[in-house]
Number of protein chains: 2
Amino acid sequence: MEIDDTDREILRALQEDARTPFSEIARRIEMSSATVHDRVNRMEEEGIIRGYHADVDPKAIGYEISAIVGLRVEQGREDETLEHLKAVDGVQEINLTTGEWDIVMRVFAANTEDLRQLMFEEVSQLDGFSRTQTMVVLGTEYETHELPVPDRNQ
Amino acid sequence: MEIDDTDREILRALQEDARTPFSEIARRIEMSSATVHDRVNRMEEEGIIRGYHADVDPKAIGYEISAIVGLRVEQGREDETLEHLKAVDGVQEINLTTGEWDIVMRVFAANTEDLRQLMFEEVSQLDGFSRTQTMVVLGTEYETHELPVPDRNQ
DNA sequence: GTTGAAAAAATATTGAG
DNA sequence: CTCAATATTTTTTCAAC
């Protein structure tokens, strides 16, 4: 799971546009497209590249609202609780955290009614939370799918 | 910015794998690849498809730690503050929220020292926050880049 | 809005350095 | 690992329905 500068250039290109032709990446980094192809395959196999996804505007597919949800879980019920949460429709991300919450997750819903249903009928009643908090996202001011790829690790 | 069932099928395919050949999508939905091509172009132009991104393992490119940061902003300084935050390296997402925090953001850092530096030298000292909280992400238990595409909006 | 066919371009594969 | 050549497949364009 080691990567070199050539790999880093390839990752930068594919983070920016996952559909960039390998031949164009090859041109940029002055290598053959077969090399790019080999390296991409290797990074896919090693799990460095986990996939390629279209970034779709949530509103266009019917999600008018999203929220960040903090949860405090009763001791000893973490695993059980996580399994339930993963299965809830609209849950996009579940993080285990230090600090005020044990779990912070991001959820999407069609509208406020769906969000209410998601929170109160699917999450809160799961039983196993001592406290929850729903922070409605009024707007995502900034978002990038391109983490800067540093020239070297460390 | 209206989409029909054919568009939805295309979005499902491209959310799952942004590099799926149009010809294969065409086969699946039993239309010509020229049609798929046209529709993708249209959805790109309309902003329904915002881009295509490789999902790269943050650890592979040197990010060993991430955090969710809650911020409370002094009234009247929101715009100024947001501009500063956007420019901070490692900030991946900035959300404006209701509830306990005005802003909730997700940040990535190489290690705890970098996270400390990011928080205390780049964020906290921005001045304009009455309170901040850093919740270190111990693990991302679940994450999807594929929001379910409902058959119909609503 | 869709199609089919042709042209252009890209990708996968192979063999060799 | 990298390259170059080839075979295969895909993307793109366009006239026509």
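Please refer to the structure placed before this passage.
Residues numbered from 1 in each chain as written. Chains lettered and ligands numbered in written order. Predicted model: local features only at pLDDT ≥ 70, side-chain atom pairs only at ≥ 80, totals over all residues. Heavy atoms only, no water.

A.B. asks: Tell me what's going on with the interface of chain B and chain A, and back it up with residues and numbers.
C.D. replies: Across the contact, 65 residues belong to chain B and 64 residues belong to chain A. Of the roughly 6300 Å² buried at the junction of chain B and chain A (both faces included), carbon and sulfur atoms supply 55%. The tally of links between chain B and chain A comes to 8 salt bridges. With its nearest N and O atoms 3.6 Å apart, the salt bridge here joins E141 of chain A to K86 of chain B. Linking chain B with chain A are 35 residue pairs in polar contact (both at pLDDT 80 or more), by the criterion used here. Every element with two or more residues in the side of chain B that touches chain A is listed here: α1 (5-16), β1 (49-56), α4 (78-86), β3 (91-97), β4 (103-109) and β5 (129-143) of chain B. At 10 residues, β5 of chain B tops the list of elements feeding residues into the side of chain B that touches chain A. Across the side of chain B that touches chain A, the residue classes tally to 32 nonpolar, 19 polar and 14 charged. (Contact = heavy atoms within 4.5 Å. Buried area = accessible area lost by both parts, 1.4 Å probe. Salt bridge = Lys/Arg side-chain N within 4 Å of Asp/Glu carboxyl O. Polar contact = N/O pair within 3.5 Å; in protein donor to acceptor, adjacent residues only side chain to side chain. Helix = DSSP H or I, 4+ residues; strand = E, 2+ residues; numbered from the N terminus. Nonpolar A, V, L, I, M, F, W, Y, C, P; charged D, E, K, R; others polar.)

A.B. asks: Kindly report on the protein's contact with DNA strand D, identifying the contributing residues and their values.
C.D. replies: Neighbouring DNA strand D are 14 residues; T35 and R39 of chain A together with F22, S23 and H37 of chain B lie closest to it. For DNA strand D, the backbone portion of the atoms within 4 Å of the protein, that is sugar and phosphate, comes to 74%. Between DNA strand D and the protein, one listed contact pairs a phosphate oxygen with a side-chain N or O atom of R19 of chain A at 3.4 Å. H37 of chain B has a polar side-chain atom sitting 2.7 Å from a phosphate oxygen of DNA strand D. Ranked by residues supplied to the surface near DNA strand D, first place goes to helix α3 (residues 33-45) of chain A with 4 residues. When its residues are assigned to classes, the surface near DNA strand D shows 5 nonpolar, 5 polar and 4 charged. (Near = heavy atom within 4 Å.)

A.B. asks: Outline the protein's contact with DNA strand C, supporting the account with residue identities and numerical values.
C.D. replies: By nearness alone, every residue bordering DNA strand C is listed as P21, F22, S23, A34 and H37 of chain A together with R19, M31, S32, A34, T35, D38 and R39 of chain B. Protein-proximal atoms of DNA strand C, defined as those within 4 Å of the protein, fall in sugar or phosphate at a share of 78%. Here R19 of chain B contributes a side-chain N or O atom positioned 3.5 Å from a phosphate oxygen of DNA strand C. Take R39 of chain B: an N or O atom from its side chain is 2.6 Å from a phosphate oxygen of DNA strand C. Ranked by residue count, the leading element in the surface near DNA strand C is helix α3 (residues 33-45) of chain B, at 4 residues. Looking at the surface near DNA strand C residue by residue, the classes come out as 5 nonpolar, 4 polar and 3 charged.

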